[in-house]
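Residue-level structure breakdown
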Amino acid sequence: MMSLILLTVAVLAVVVGLGSQWHITARAAAVDPEPVMASSGPVFLFHGDKLIDTTLDAQQMIAPFSLMPERAAMIHVLDPEFPGLAAYLDATEQNPCRIAHRQYETMWIDVDWPLGQLRVAVCGALPADPAGAPVPFATSQQAGELAMLRDVVRHTPQLIWRTDAGGKVTWSNQAHADFWAKRDVKYCDIKAQTLVSEAGASSTCRIAFPAAGNDADQWFDVLSVPQEQSTLHFATDASAAVRADQDRQTFVQTMGKTFAELSIGLAIFDKQRRLVTFNPALLDMTRLGFEFLSTRPAIDTVLDRLRETRMLPEPKDYASWRDQFTAVEAAAKNGTYREIWNLPDGQAFRVTGRPHPDGAFAFLFEDITADLSLTRRFRSDIETGQSVLDALSDGIAVFTGAGTLVMYNRAYASLWGIVADPGLEHRAASSEIARWHAYCAPTTDWTDLHHFIHQAGPREPWSDDALLADGRMLRCQAIPITGGMTMVRFTLAPRNLPVLRKLTQADPAIRALKR
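Since this is a predicted model, take the numbers as computed values, not measurements.

Topic: the sheet that holds strand S19 (residues 462-467)
The sheet built from 6 strands is open, its strands ordered S18-S17-S16-S21-S20-S19 with antiparallel pairing. With one partner strand each, in any of the chains shown, strand S18 (427-428) and S19 form the two edges of the open sheet.

Here you go:
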C-alpha cells in the first residue's frame, strides 16, 4: 500500500514538472517568438524634446554640441549618416521604422515610440578595419567633425598660429600663411616673441603688422591663449576700428580747435548732469575758473557758482528757480530752451539749449550786450527822429524807391485825415495819391509826383502847387534822399484876409478941400 502511494506521488511530480516546463517554454515563445539582436550602440530616449535617458556612448556623441537642444544635437549627429531621420521625426505619425546607413548595410537605426516616448537606437556595426578590429561609429563621427573643423580653420579670415616656448611659429592656418607670404618672415618671428612676452596668461592686445608694399600698417586684435608647451594666437583684423578711432580723434581735435576759436561759450552736460566739455569763451564770459570746471561739476553746482559771481539774473526766489531748472534741462534736451539773461552789471547773455545724443545736452552762452545796446540806440534814434518830424508844422511823408510809405508825421496825418499811429503802417504811393486827389480840387494832377517817386537814378527836386477842396493853397515839394527814397513835404499857404479900415478914418481928399 505504501509503495502504491509513493508511486502515485512520483507520477504526479513528473506530470507537474512537465507541465511547468511546457508553460515556461510556451510563455517565452509567446513573448519573443523571433528573438532580435539587442542594440549594442548608442540609445536615446526622449519625452517630447527632453532627453530622459541615454547610454554613455550616446552622451559622448552629442557632448560637443552642448549649446544645442539635446534632440536637435542628436539629429545633427545622426541625420548626415542616416538620411531621412530628420524628415521622419518632423512627421506627425509616430510609427516605428528602421533607417539604413547612407553607406554601410551593416548599420541602421531603429526608431519607435514606447508609451508615446521617442526611442532612437543605433544598431549594427561598421565594417572591420584592415587590422580586423571593427571601426566604432564614434570614430566615423569624429572623422567627419575633424574634416569640418579643418575646413573651418582653412577658410576662416582670422589669423591663427601656434608658437613654442621660444616664440617660434610651429603651426599656422592658411590665412596666416597667406598674410605673411608677402611680408618679412623675420618680422613675424619677432612679433611672435613679443606676443609671448607680453601675453603670459590669456590676454588680448592690439598690434600693428606691416602691410604689403607702401600701404599703411594693418592692425590686429590678438588673443593669446597659453597651453602646456605652446601658445595659440588668434588675430582679428582691427584696421577699420583703428582708422575709425583715429578719424574720431582727429575730428575731436578739429572740433576742439573750432570750439576754442568760438566767441560763444559752450557747456556740454552728460546724461548724469555733469559738465564734460567747455571752451575758453565760457571761461571768459562766466569768469569761472578752469580748476573748477575741470572737476566736471554738476549743473546745480555750476548754477550756484554763477550766482555767487553775479553771472545769473537774480530771481526773487533763487531756491525755487533752481528747482525749476529741471524743466530747463528738459527744454534744452528738446532744443526749445532760449532765454535772455539780463545780469545785474548790465551785461546780457542769450542762453540756448541744444540736445545731444545719449541724453546729453548743451548750453550756448552768447554775449549780446553790444547788440542790445545798438538796438536800444537805434530805437532811441528812431523815436527822436519821429519826435522831430511830429514837431514840424509841415506834413512830411517818406517813400521808398518801390513806392512804399515808410514814415510820416502827425501833420501829414492831420492834413490827409489819417487815423493810424504815424510810422506803424506801410502803404503804397498809389493809395496815398488817391487820398490826396480826394482831398484836393479835381483839377489837380498828381501824375508827375507819382513818376518822381518811382524814378530811379539821380533826380532834381520837384515842386508844384495844389488847391485843397476847402480853397487853401498847398505847396508840394519832392526831395530825393539817401537810398533812392523820396521825402514829400506839404506846406499850407497863409490865408490872404482883406484889410478892414475904419469908416471914421478921414479921407485925404476931403481933408485937402477943407483947407
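What to know about the sheet that holds strand S12 (residues 275-278)
What the 5 strands build is an open sheet, ordered S12-S11-S15-S14-S13; its pairing is antiparallel. Two strands in the sheet have a free side with no partner beyond their single neighbour: S12 and strand S13 (338-342). Neighbour-to-neighbour, the strand axes of the sheet open up by a mean angle of 20 degrees, direction not taken into account. One ladder, built from 5 bridges, connects S13 with strand S14 (residues 348-355); its direction is antiparallel. Each bridged residue has a counterpart across the sheet, and for Ile340 the counterpart in S14 is Arg350.

Let's talk about a nonpolar patch on the surface
Residues Met148, Leu149 and Val152 make up a contiguous nonpolar surface patch of roughly 270 Å² in combined accessible area. Take Met148: it is sitting in helix H5 (residues 137-155).

Here we look at the packing of aromatic side chains
For the structure shown, the criterion picks out 15 aromatic pairs. Judged by centre distance (5.9 Å) and plane angle (35 degrees), the rings of Trp416 and Trp436 are tilted. Highlighted residues: Trp416 in the loop between helix H15 (410-415) and S18 and Trp436 in helix H16 (residues 429-439), separated in sequence by 20 residues. The class of Trp416 is buried, set by a relative accessible area of 0%. Taking relative accessible area as the criterion, Trp436 reaches 0% and is therefore assigned buried. Aromatic rings pair up to connect Phe399, Tyr408, Tyr412, Trp416, Trp436, Tyr439, Trp446 and Phe490 into one cluster.

Details of the confidence of the model for the protein chain
Across the protein chain, the average pLDDT comes to 76, with 74% of residues at or above 70. The least confident element of the protein chain is helix H1 (residues 2-31), whose mean pLDDT is 37; the most confident is strand S1 (residues 43-47), at 93. Low confidence marks residues 1-38, where pLDDT is under 50. Its contacts with residues over four positions away, or in another chain, come to 1 contact. Across residues 192-199 the pLDDT falls below 50, and counting only partners more than four positions away or on other chains, this stretch makes 20 contacts in the model.

Some words on the environment of Val242
Along the chain, Val242 falls in helix H8 (residues 239-261). Val242 gets classed as buried once you look at its relative accessible area, which sits at 8%. Distance from Val242 to Ala208, taken between C-alpha atoms, is 9.9 Å for residues 34 residues apart in sequence. When sequence neighbours within four positions are dropped, the list of residues in contact with Val242 reads Arg206 and Trp219.

Section: unusual backbone geometry
Positive phi outside glycine occurs at Arg287, with the angle close to 60 degrees. Its place among the elements puts Arg287 in the loop between helix H9 (280-286) and helix H10 (290-293). Since its relative accessible area comes to 49%, Arg287 is described here as partly exposed. Its identity as a non-glycine residue notwithstanding, Arg296 has a phi of 55 degrees, on the positive side. By the element assignment, Arg296 lies in the loop between H10 and helix H11 (299-308).

Comments concerning the side chain of Thr156
When you line up the elements, Thr156 lands in the loop between H5 and strand S6 (159-164). You can call Thr156 buried: its relative accessible area is 18%. Within the structure, the side chain of Thr156 is placed 3.3 Å from the backbone nitrogen of Gln158, a separation counted as a polar contact.

What counts and how
Residues numbered from 1 in each chain as written. Predicted model: local features only at pLDDT ≥ 70, side-chain atom pairs only at ≥ 80, totals over all residues. Heavy atoms only, no water. Pairing = 2+ DSSP bridges. Helix = DSSP H or I, 4+ residues; strand = E, 2+ residues; numbered from the N terminus. Axes fitted to C-alpha atoms, helices over the stretch in contact; angles between N-to-C directions. Patch = residues over 30% accessible without salt bridge, like charges linked within 9 Å, V, L, I, M, F, W, Y side chains within 5 Å. Areas by Shrake-Rupley, 256 points an atom, 1.4 Å probe, with all protein chains shown as cover. Salt bridge = Lys/Arg side-chain N within 4 Å of Asp/Glu carboxyl O. Phe/Tyr/Trp six-rings, centres within 6.5 Å; stacked < 30°, edge-to-face > 60°. Buried < 20%, exposed > 50% of the residue type's maximum accessible area, 1.4 Å probe, protein only. pLDDT = per-residue confidence, 0-100. Contact = heavy atoms within 4.5 Å. Polar contact = N/O pair within 3.5 Å; in protein donor to acceptor, adjacent residues only side chain to side chain.

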